[in-house]
Amino acid sequence: MNKTIISHFAEDVLEGLSAKKKHLSSKYFYDDAGSRIFVEIMHMPEYYPTACEFEILSQQSGEIFKKLHFDGKFNIVEFGSGDGSKTRHLLKAFLDKGGDFTYIPIDISQEANDILRDNMKQALPNLTIKPQTGDYFEVLDTLQGSSTPNLFLFLGGNIGNYKREEALELLKKFNAGMKKGDLLLIGMDLRKNPRVIQQAYDDPHGITKAFNMNLLQRINRELDADIQMDQFDFYCDYSPETGEVNSYLVSLKKQHFHSTVLNTTFHFEKDELIWTELSRKYSFTEIEELAAAAGFKASHNFLDCKHYFTDSLWVK
């Protein structure tokens, strides 16, 4: 693990667990262990976003290709590519249509990138792939000097993990790193029956709980802490009025733990919460408004058959 990343992690844990309302950033879910657990989440029957987006990309990638209007070579740059199982359908369809492109997946996990490259080369031997490990914007900077047009992918509904102001800031940064005419295909979870959403984020298998608890295990591993894992639980709540799922870790007793790396002892009251994640669901009006505010035009929404999810194509 990169020392700079550990330093940022340490700083954010210190800040988050010292705050009046304790919190840990969801961006730290995806170390190697967390990335493996998230693959399990994506295969849960209750977790519909994966199946819905899989349907869109497996059945409509040819239509997506038609909407690109790129002449000659282009790049497909994917932010947070994960295991690439969904993206593979899009890449195959583009190759079948004669697309001349380089696939550039970006992930903070080197292990995830190594597995992705091996799987992609096995499934699509003709694919030109250049994985990049690191921060989105570091890699984005390296692409700015090129005249090659880009299709950026931000799939899986990841934009829902940001509060509106933060989502807008992120999308404006994407926009600033893009050339006029570049495209962004962005996965967005849609508002729907609250029960469907609640079950997806509070599964009976305990996998989402393990995903959240891994944050505490990561603090133990990387910050030399002595957290008692059985003294914390997981809880999440969906509000249909705001369209927000909020996830928490719950302290089951009055307790404390110490981090040697941070040289700090953290204290918890019984039932005190640590906020870990937001997952926002969007209406079509909210999608159009967000795109416009970030400097894009939402040109087309590709939908699954249940209209649970969209891969929305935006143009700069």
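Residues numbered from 1 in each chain as written. Predicted model: local features only at pLDDT ≥ 70, side-chain atom pairs only at ≥ 80, totals over all residues. Heavy atoms only, no water.

S.K.: Break down the overall build of the protein for me, with residues and values.
M.R.: When its secondary structure is counted, the protein shows 10 helices and 13 strands. In summary, the protein has a C-alpha radius of gyration of 20 Å against a globular reference of 20 Å for 316 residues, a match within 12%. Classification of the 316 residues of the protein by burial places 52% in the buried group. Restricting to contacts in the protein with at least 6 residues of sequence separation, those with at least 24 account for 74%. (Helix = DSSP H or I, 4+ residues; strand = E, 2+ residues; numbered from the N terminus. Rg over C-alpha atoms; globule rule 2.2 N^0.38 Å. Buried < 20%, exposed > 50% of the residue type's maximum accessible area, 1.4 Å probe, protein only. Contact = heavy atoms within 4.5 Å.)

S.K.: How would you summarise the pattern of salt bridges if you had to cite specific residues and measurements?
M.R.: Applying the stated criterion across every chain yields a total of 17 salt bridges. Here Asp-189 and Lys-281 are joined by a salt bridge, their closest N and O atoms 2.8 Å apart. Placement of Asp-189 in strand E6 (residues 183-189) and of Lys-281 in the loop between strand E11 (273-280) and helix H10 (284-293) is noted, with a sequence separation of 92 residues between them. Pair check on accessibility: Asp-189 and Lys-281 agree, each one buried. (Salt bridge = Lys/Arg side-chain N within 4 Å of Asp/Glu carboxyl O.)

S.K.: Run through the side chain of Ser-26, naming residues and quoting values.
M.R.: Tracing the chain through its elements places Ser-26 in the loop between helix H1 (3-18) and helix H2 (32-42). Once residues lying within four places of it in the same chain are set aside, the contact partners of Ser-26 are Asn-161, Thr-276 and Glu-277.

S.K.: So what about the pairing of strand E9 (residues 255-259)? Which residues, and what values?
M.R.: Along E9, the buried face is formed by Gln-255, Phe-257 and Ser-259; none of His-256 and His-258, which line the opposite face, is buried. Here five bridges tie E9 to strand E10 (residues 264-268), and the two strands are oriented antiparallel to one another. Counted as the bridge partner of Phe-257 is Phe-266 from E10. Between E9 and the antiparallel strand that follows it, E10, lie four residues; Asn-263 among them carries a positive phi value of about 55 degrees. (Pairing = 2+ DSSP bridges.)

S.K.: So what's going on with the packing of aromatic side chains? Residues and values would help.
M.R.: In the structure shown here, the tally under the stated rule is 28 aromatic pairs. Taking the centre distance of 5.4 Å and the plane angle of 75 degrees together, the rings of Tyr-48 and Tyr-308 count as edge-to-face. Here Tyr-48 is found in helix H3 (residues 48-66), whereas its partner Tyr-308 is found in the loop between strand E12 (297-303) and strand E13 (309-315), with 260 residues between them in sequence. Taken as a pair, Tyr-48 and Tyr-308 share a single burial class, namely buried. Aromatic ring contacts, followed pair by pair, group Phe-29, Tyr-30, Phe-38, Tyr-47, Tyr-201 and Phe-211 into a single cluster. Here Arg-218 stacks its cationic end above the ring of Phe-9, 4.4 Å away from the centre of that ring. (Phe/Tyr/Trp six-rings, centres within 6.5 Å; stacked < 30°, edge-to-face > 60°. Lys NZ or Arg CZ within 6 Å of the ring centre and 35° of its normal.)

S.K.: Talk me through the environment of Ser-251; I want residue IDs and the actual numbers.
M.R.: The residue Ser-251 is located in strand E8 (residues 244-251) in this model. With a relative accessible area of 0%, Ser-251 lands in the buried category. The contact partners of Ser-251, leaving out residues within four places of it in the chain, are Gln-231, Phe-232, Phe-268, Glu-269, Lys-270, Asp-271 and Glu-272.

S.K.: Let's hear about the nonpolar core: which residues, and what values?
M.R.: Core analysis: the biggest nonpolar cluster contains 64 residues, and Ile-76, Leu-151 and Ile-219 have the highest contact counts within it. The element contributing the most residues to this core is helix H9 (residues 207-222), with six residues. When residues no more than four places from it in sequence are discounted, the contact partners of Ile-219 are Phe-9, Val-13, Leu-17, Leu-24, Asp-224, Ala-225, Ile-227 and Phe-257. Counting 30 residues, the second-largest nonpolar core is a separate cluster that includes Val-77, Leu-170, Ile-287 and Leu-290. (Core = buried A, V, L, I, M, F, W, Y, C linked by side-chain atoms within 4.5 Å.)

S.K.: Explain the packing of helix H6 (residues 136-143) against helix H7 (residues 164-176) to me, using residue names and the numbers behind them.
M.R.: Running from amino to carboxyl end, H6 crosses H7 at an angle of 20 degrees, the nearest separation of the two axes being 10 Å. One way to sum up the angle between H6 and H7 is to call them roughly parallel. For the pair H6 and H7, the contacting residues are Tyr-136, Phe-137 and Leu-140 in the first and Leu-170, Lys-173 and Phe-174 in the second. For the contact of H6 with H7, the class distribution of residues is five nonpolar, no polar and one charged. (Axes fitted to C-alpha atoms, helices over the stretch in contact; angles between N-to-C directions. Parallel < 35°, antiparallel > 145°, perpendicular 65-115°, else oblique. Nonpolar A, V, L, I, M, F, W, Y, C, P; charged D, E, K, R; others polar.)

S.K.: Before we move on, could you go through the sheet that holds E8 and cite the residues and values that matter?
M.R.: The strand order across the open sheet formed by three strands is E7-E8-E11, and the pairing between neighbours is antiparallel. For this open sheet the edge positions go to strand E7 (232-239) and E11, each flanked by a neighbour on one side alone. If you compare each strand with its neighbour and ignore which way they point, the axes differ by 20 degrees on average. In the sheet, E8 pairs with E11 via seven bridges, with the strands oriented antiparallel.

S.K.: Describe empty space enclosed by the protein, with residues and values.
M.R.: Summed over all chains, the structure comprises two cavities of 30 Å³ or more. Along its surface, the largest cavity is lined by 20 residues, and Phe-38, Tyr-47, Asn-161, Tyr-201 and Glu-277 are the ones closest to its centre. Secondary structure elements with two or more residues in the lining of the largest cavity: H2, helix H8 (194-201), H9 and E11. If you tally residues by element for the lining of the largest cavity, the top one is H9, at three residues. Per-class residue counts for the lining of the largest cavity are nine nonpolar, eight polar and three charged. Approximately 40 Å³ is the volume attributed to the second largest cavity. Lining of the second largest cavity is provided by Phe-9, Asp-12, Val-13, Leu-24, Ser-25, Tyr-28, Leu-215 and Ile-219. The set of elements that each furnish at least two residues to the lining of the second largest cavity consists of H1 and H9. When residues of the lining of the second largest cavity are assigned to their parent elements, the largest contribution, three residues, is made by H1. (1 Å grid on protein atoms, 1.4 Å probe; cavity = no way out; pocket = protein on both sides within 12 Å on 5 of 7 lines; lining within 4 Å. Points joined across faces, edges and corners; volume = space filled by probe spheres on them.)

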